[in-house]
Amino acid sequence: MSGMAVSRPDHPSLLPALLVAPEPMERIRRSARDWVVDMACFVLAALFGALMLFATSQGSPPPHHPPRLLDVAIGALGCLTLWIRRRRPVELGAALGVLSVISVTVSGAACIALFTVAVHRRFRTVALVALVHFVTGLIYTAVFPDPKTGYWTGILWSVVIIAAVVAWGMFVRARRQLILSLRERALRAEAEQQLRVKQARQQERARIAREMHDVLAHRISLLSVHAGALEFRPDAPPEEIAKAAGVIRASAHQALQDLREVIGVLREDAAEDTPERPQPNIADLPTLIDESRRAGMTVTYENRLRDLNAVPTGVGRSAYRTVQEALTNARKHAPDAAVSVIIGGSAGADLTVEVRNPLVSAVSEIPGSGTGLIGLAERALLSGGRLEHGPTPDGEFRIRAWLPWRDQAARAAAVGGNA
């Protein structure tokens, strides 16, 4: 026998309420299963009551026993009340237990009501209702003793029946709690999995957007500078015009190539075995600075490192992106200012990247997203370093990054010693 079917909780916090007390009847619609169960309970209570009535009708009735017609009427009324047993299970269980003092026909309905209390209420409430049934059993056996079985045998049968009904109800309740708990765990695991997938997608989109900004912003700014030179100097010598057009063509080709690779990453049907193009590293800084110089920028480059190839790949890529973004910003906001790029550091300490240019109150003709420096700070933070940017007391705008440069040889030796 089961309770009314309830809808699956949308949130795990609703689980205790569903286990302790069901929703009001006006909020729950009976399902086909509920109708079948209620009908079965009604028939079972009626058959058990009729069996008890037949058992007590053998021989002469005890003195002062209520009339059989009243006994049957009370039993029929108790069976009818089982249709509302989920709305008031405690009150109905206690009332039918009290009525069983004067009616043996209602004992079947009383057992069903006690079972409902054991399914839908906590053990303390179940114990109180069971105590009412036990006391009424003592009173009935004492007032209307059965000469065939005796007083103590009747008490023993009452205890056995009450204990069996309560144990069965508590078992059904525990099984429902287990099912709801497993369902809650499954829903929570599914929600956590969806959250992890969503976070992974957001992180991948942020990474792709950062790469697109770092690469395409630099290429497009070069295109804008050379196109502006051709626009404002139509009388330039043919050699300079041809040189600027060549730079524009090369930059446009490179920008299209970078964009094609990013789109290839976004495509779901992209071949998994397609090799990725090597990412730029700190060793490519001279080429990057030469591109900026050919675009008309005045860039001084100071390399204080002994060997650029000794820098770890991840740290070198972050340093390259930092210089690239700094040159792009200088090209946008200080197009005629001199830029200074300084690279320094040593293994076991930090790799420092510093880019300076004078502050110029010029309006940029190249639009920007405003997230370049934010992306650089995030990149440095993910690498375990930090980044600072802003004006200096000397009237310059400075971008400075500290990137951790771990000593690979010392680290390998430490790992080998621990092994």
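Residues numbered from 1 in each chain as written. Predicted model: local features only at pLDDT ≥ 70, side-chain atom pairs only at ≥ 80, totals over all residues. Heavy atoms only, no water.

K.L.:
Whenever I open this one, the overall build of the protein confuses me. Can you help?
P.N.:
Within the protein one finds 12 helices and five strands. Expressed as a percentage of its 419 residues, the buried residues of the protein come to 37%. For the protein, the accessible area works out to roughly 24,900 Å², and carbon and sulfur atoms hold 61% of it. (Helix = DSSP H or I, 4+ residues; strand = E, 2+ residues; numbered from the N terminus. Buried < 20%, exposed > 50% of the residue type's maximum accessible area, 1.4 Å probe, protein only. Areas by Shrake-Rupley, 256 points an atom, 1.4 Å probe, with all protein chains shown as cover.)

K.L.:
What's the story with helix α9 (residues 285-294) in this structure? I'm lost.
P.N.:
Note: α-helices contain 3.6 residues per turn, so residues at a spacing of three or four share the same orientation. For α9, the complete set of buried residues consists of Leu 285, Leu 288, Ile 289, Glu 291 and Ser 292. Viewed end-on, α9 has its buried residues packed into an arc of 155°, placing them on one side of the element. (Arc of directions from axis to C-beta.)

K.L.:
Would you mind going over the packing of aromatic side chains with me for this structure?
P.N.:
Two measures describe an aromatic ring pair: the distance that separates the ring centres and the angle between the ring planes. The full count for this structure, using the stated rule, is three aromatic pairs. With centroids separated by 6.0 Å and ring planes inclined at 50°, the aromatic side chains of Trp 35 and Trp 83 adopt a geometry described as tilted. With Trp 35 in helix α2 (residues 32-57) and Trp 83 in the loop between α3 (68-81) and α4 (89-99), the pair connects residues that are 48 residues apart, well separated along the chain. Judged by relative accessible area, Trp 35 falls into the partly exposed class, the value being 48%. Measuring from centroid to centroid gives 6.3 Å for Phe 42 and Trp 83, while their planes differ by 35°, and the two rings are tilted. Taken as a pair, Phe 42 in helix α2 and Trp 83 in the loop between α3 and α4 lie far apart in primary sequence, 41 residues in all. You can call Phe 42 partly exposed: its relative accessible area is 24%. Overall, the relative accessible area of 22% leaves Trp 83 in the partly exposed class. The ring of Trp 402 is capped by Arg 386, whose NZ or CZ atom sits 4.1 Å from the centre of that ring. (Phe/Tyr/Trp six-rings, centres within 6.5 Å; stacked < 30°, edge-to-face > 60°. Lys NZ or Arg CZ within 6 Å of the ring centre and 35° of its normal.)

K.L.:
Before we go on, may I ask you to explain α4 in this structure?
P.N.:
Among the residues of α4, Pro 89, Leu 92, Gly 93, Leu 96 and Gly 97 are the ones counted as buried. Angular distribution of buried residues about the axis of α4 spans 130°; they occupy a single face of the element. Tucked into the core, α4 has its buried residues touching α3, α5 (107-120) and α6 (123-143). (Contact = heavy atoms within 4.5 Å.)

K.L.:
Sorry if this is basic, but what is going on with the environment of Arg 386 here?
P.N.:
Mapped onto the fold, Arg 386 is located in strand β4 (residues 386-391). Sequence-wise, Arg 386 and Trp 402 are 16 residues apart; in three dimensions their C-alpha atoms are separated by 5.4 Å. Here Arg 386 is in contact with Ala 380, Arg 400, Ala 401 and Trp 402, once residues within four sequence places are set aside.

K.L.:
Mind showing me how you'd approach the pairing of strand β5 (residues 396-404) here?
P.N.:
Regular strands have side chains that alternate between both faces of the sheet. Bridging between strand β3 (residues 350-358) and β5 involves nine bridges; their strand directions are antiparallel. By the bridge assignment for β5, Pro 358 is matched with Glu 396. In terms of strand pairing, β4 meets β5 through six bridges, oriented antiparallel. Across the sheet, Arg 386 pairs through a bridge with Trp 402, a residue of β5. (Pairing = 2+ DSSP bridges.)

K.L.:
Any chance you could explain the confidence of the model for the protein here in plain terms?
P.N.:
Any residue range with low pLDDT should be treated as having predicted coordinates unsuitable for detailed reading. Taken as a whole, the protein shows an average pLDDT of 76; of its residues, 76% reach a score of 70 or greater. Contacts of residues 1-27 to residues separated by more than four positions or lying in other chains number 51 contacts, the stretch itself having pLDDT below 50. (pLDDT = per-residue confidence, 0-100.)

K.L.:
When you look at the sheet that holds β3 in this model, what are you seeing that I'm missing?
P.N.:
Paired through their backbone hydrogen bonds, the strands of a sheet run either parallel or antiparallel. Spatially, five strands are ordered β1-β2-β3-β5-β4 in an open sheet, and the strand pairing comes out mixed. Sheet topology places β1 (298-303) and β4 at the edges, where each strand pairs with a single neighbour. Mean inter-strand twist for the sheet, computed between neighbouring axes without regard to direction, equals 10°. The sheet contact formed by β1 and strand β2 (residues 338-345) spans six bridges and is parallel. Counted as the bridge partner of Tyr 301 is Val 341 from β2. (Axes fitted to C-alpha atoms, helices over the stretch in contact; angles between N-to-C directions.)

K.L.:
Mind showing me how you'd approach the packing of α9 against helix α10 (residues 313-333) here?
P.N.:
Axes are the key here: two packed helices are described by the angle between their axes and the distance separating the axes. Relative orientation of the contacting elements α9 and α10 amounts to 10°, with a least axis distance of 10 Å. The angle between the axes of α9 and α10 places the two elements in the roughly parallel class. Within the contact between the two elements, α9 uses Leu 285, Leu 288 and Ser 292 and α10 uses Tyr 320, Val 323, Gln 324, Leu 327 and Arg 331. In the contact of α9 with α10, the residues fall into five nonpolar, two polar and one charged. (Parallel < 35°, antiparallel > 145°, perpendicular 65-115°, else oblique. Nonpolar A, V, L, I, M, F, W, Y, C, P; charged D, E, K, R; others polar.)

K.L.:
Please clarify how the pattern of salt bridges should be interpreted in this entry.
P.N.:
Any two side chains of opposite charge can pair if their charged atoms end up close together. Within the structure shown, the criterion is met by six salt bridges. Measuring nitrogen to oxygen at the nearest pair gives 2.9 Å for the salt bridge that ties Arg 304 to Glu 302. On the accessibility criterion, Arg 304 (53% relative accessible area) is exposed. The partly exposed category is assigned to Glu 302, whose relative accessible area is 38%. One salt bridge in this structure joins Arg 356 and Glu 396, with 2.7 Å as the shortest N-O distance. (Salt bridge = Lys/Arg side-chain N within 4 Å of Asp/Glu carboxyl O.)

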